[in-house]
Amino acid sequence: GCAESDNGGSSGDDSGPIRIGAVLDITGAGASLGVPERQTLEMLAEQVNAAGGVNGRQVELIIRDNQSTEDEAAKAMNELIAEGVDIVLGASRTGPSLAMREAAESSQMPMISLAANVAIVEGATWVFKTAQNDQVVLENIIDYAAANGWTTIGLLRDASGFGEGVAETLAELGEPKGISVVVEEKFAPDATDFSAQMINLREADADMNLIWGIPPAAALAQRAYHELGLTAPLMQSHGIGNQVFLDTAGDTADGVVAPLGRLLVADQLPDSDPQKEVLAQFLADYQAKYGETPSTFAGHAWDAFQLAIEAFKAVGTDKQAVRDYLEQVDGFVGITGVYHMTPDDHSGLGKDALVLVTVENGQWKLLES
């Protein structure tokens, strides 16, 4: 049909460039996520265009920095919609992604967030996401606690949208196994001093403590944990999956356990792992282009970009068709996991998208399950 008339000019038209918008946390508190995500998108767009584009159409990437704020994310989203892009990827973190969601829904713009909290996609029609849901992260944490016989958890969490609902979900998942959260402390995403929270954690004396945040704060909290003499076993969330965490935490990182994507331990995976080949290729490509190892956040961007490209290859740029395609993705092998989207699940990843990883002598090490 004639799609041009009702969706902002040429966007449903199958000629000219395919325009992919992205809103990323390139500066501010989320920069350690947004920068590698930008680099990944730029690399992939180059690869696609060098190979002749998508069905003969070149990809044009339009990237906006939301400065890690919700206001800037909403503003950038509205600008990209006004410019008639074909899809929007981002933001890097939960708060800015939530700030973009309403515009995606009301303007019927397909959006693939790179952030974690399930609220981003819950009940959404037009919004999808590539990072694992908190729920599957917390399921892995509860399973590990239960396996170790730990019944009480102390939680120190990011006070932003990323940390919302973590205590409640932990309590809910832990209840059937007799595991409870005995203390919940919070920190600002840009926090540098954690003394007060650590003293409270120490007094609560839980069997295990969990830090839930992203670097640098999560890494500074890791240091404070050891410097203030806490000795209970420590876990962190999937938020620490980058070199910045290891560099900032230094030798205090050793022994921490976290459920993380397979990218960080790709070389330690068995050959039978369906993701191994895809991970190896991404690692090689990114290393060759940027001279460094990509983070798990870079992986979320890889997944979002490739899902968008798969959709465009299959159905062109008609927005409804793209949305419908994304909703039935089944078995797409990505960096973050193998995706099985459904109308009720716009995240598409289960508990098996994560493996338990520890740090040994400053290196990520796959924990044998």
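Structural notes, computed from the coordinates. (Residues numbered from 1 in each chain as written. Predicted model: local features only at pLDDT ≥ 70, side-chain atom pairs only at ≥ 80, totals over all residues. Heavy atoms only, no water.)

**Thoughts on the sheet that holds strand β5 (residues 127-129)**
Part 1: With parallel pairing, the five strands of this open sheet are ordered in space as β2-β1-β3-β4-β5. Each of the sheet's edge strands pairs with one partner strand only, and the pair in question is β2 (59-65) and β5. Geometrically, the sheet is characterised by an average inter-axis angle of 20° between neighbouring strands, direction not taken into account.
Part 2: Judged from the seven bridges that link them, strand β1 (residues 18-24) and β2 form a sheet pairing that is parallel. The residue of β2 that forms the bridge with R19 is E60. (Pairing = 2+ DSSP bridges. Helix = DSSP H or I, 4+ residues; strand = E, 2+ residues; numbered from the N terminus. Axes fitted to C-alpha atoms, helices over the stretch in contact; angles between N-to-C directions.)

**Observations concerning the pattern of salt bridges**
Part 1: Taken as a whole, this structure holds 14 salt bridges when the rule is applied.
Part 2: The salt bridge involving E46 is made with K289; its shortest N-O contact spans 3.2 Å. Note that E46 is positioned in helix α1 (residues 31-50) and K289 in helix α9 (residues 276-290), a separation of 243 residues in sequence.
Part 3: Exposure remark for K289: the relative accessible area of 37% places this residue in the partly exposed category.
Part 4: The network of salt bridges with shared partners includes R64, E79 and E83. (Salt bridge = Lys/Arg side-chain N within 4 Å of Asp/Glu carboxyl O. Buried < 20%, exposed > 50% of the residue type's maximum accessible area, 1.4 Å probe, protein only.)

**Some points on helix α7 (residues 217-227)**
Part 1: If you check which residues of α7 are buried, you get A217, A218, A219, A221, Q222, A224 and Y225.
Part 2: A positive phi of about 75° marks G229, the residue just after α7.

**What about the side chain of H238?**
Part 1: Structurally, the position occupied by H238 is in the loop between β9 (234-236) and α8 (243-249).
Part 2: In contact with H238, other than residues within four places in its own chain, are A116, Q132, D134, V137, F162, W212, P259, L260, T296, F297 and L354. (Contact = heavy atoms within 4.5 Å.)

**Concerning the packing of aromatic side chains**
Part 1: Using the criterion set out here, one finds nine aromatic pairs in the structure.
Part 2: Ring centres 5.8 Å apart and planes at 70° place the aromatic pair F282 and Y286 in the edge-to-face group. Of the two residues, F282 and Y286 are both situated in helix α9; the distance of four residues between them amounts to about one turn of the helix. Grouping residues by exposure puts F282 and Y286 together as buried.
Part 3: Site record: aromatic cluster; members linked through ring pairs are F282, Y286, Y290, W302, F332 and Y339. (Phe/Tyr/Trp six-rings, centres within 6.5 Å; stacked < 30°, edge-to-face > 60°.)

**Topic: the packing of helix α10 (residues 296-315) against helix α11 (residues 319-327)**
When two helices pack together, their arrangement is given by the angle between their axes and by how far apart the axes lie.
Part 1: The interhelical angle for the contact between α10 and α11, taken along N-to-C directions, is 120°, at an axis separation of 9 Å. Comparing their axes, α11 and α10 come out oblique. You can see that α10 and α11 cross each other, and the crossing is right-handed. On the side of α10, the interface is formed by L307, E310, A311, F312, A314 and V315, while α11 contributes A321, V322, Y325 and L326.
Part 2: Taken together, the residues that form the contact of α10 with α11 break down as nine nonpolar, no polar and one charged. (Parallel < 35°, antiparallel > 145°, perpendicular 65-115°, else oblique. Left-handed = near helix turned anticlockwise from the far one by under 90°. Nonpolar A, V, L, I, M, F, W, Y, C, P; charged D, E, K, R; others polar.)

**Overview of the packing of α9 against α10**
Part 1: It is the contact of α9 with α10, at a shortest axis distance of 12 Å, that shows an interaxial angle of 110°. Put simply, α9 runs roughly perpendicular to α10. For the pair α9 and α10, contact is made by V278, F282 and Y286 and by A298, G299 and W302, respectively.
Part 2: For the contact of α9 with α10, the class distribution of residues is five nonpolar, one polar and no charged.

**Thoughts on the side chain of R93**
Part 1: Assignment of secondary structure puts R93 in the loop between β3 (87-90) and α3 (94-107).
Part 2: A polar contact of 2.7 Å, which involves the side chain of R93, links it to the backbone oxygen of S68.
Part 3: If we ignore the near neighbours within four places in the chain, the residues touching R93 are D25, G30, L33, S68, A115, S160 and I214. (Polar contact = N/O pair within 3.5 Å; in protein donor to acceptor, adjacent residues only side chain to side chain.)

**Here we look at the pairing of strand β8 (residues 208-212)**
Part 1: When you tally the buried positions in β8, you get five out of five residues, the bulk of the element.
Part 2: Side chains of β8 alternate between two faces, with M208, L210 and W212 and N209 and I211 buried alike.
Part 3: As judged from the five bridges shared by strand β6 (residues 152-158) and β8, these two strands associate in the parallel manner. Note on β8: the bridge partner recorded for G154 is N209.
Part 4: Note: β8 against β9, three bridges, orientation parallel. Among the inter-strand pairings, N209 is bridged to a residue of β9, identified as L234.
Part 5: Handedness of the β8-α7-β9 crossover: right-handed. (Right-handed = clockwise from strand over helix to strand, strands pointing away.)

**A short note on unusual backbone geometry**
Part 1: With omega at 5°, the peptide bond leading from G90 into A91 counts as cis.
Part 2: Looking along the chain, the bond that leaves P215 and enters P216 is cis, with omega of 5°.
Part 3: Relative to the helices and strands, P216 is located in the loop between β8 and α7.
Part 4: At S68, a position not held by glycine, the phi torsion is positive, near 65°.
Part 5: The residue S68 is located in the loop between β2 and α2 (70-82) in this model.
Part 6: With relative accessibility at 11%, the residue S68 sits in the buried group.
Part 7: One non-glycine residue, D205, lies in the positive phi region at around 55°.

The values are spatial; any link to function lies outside them.
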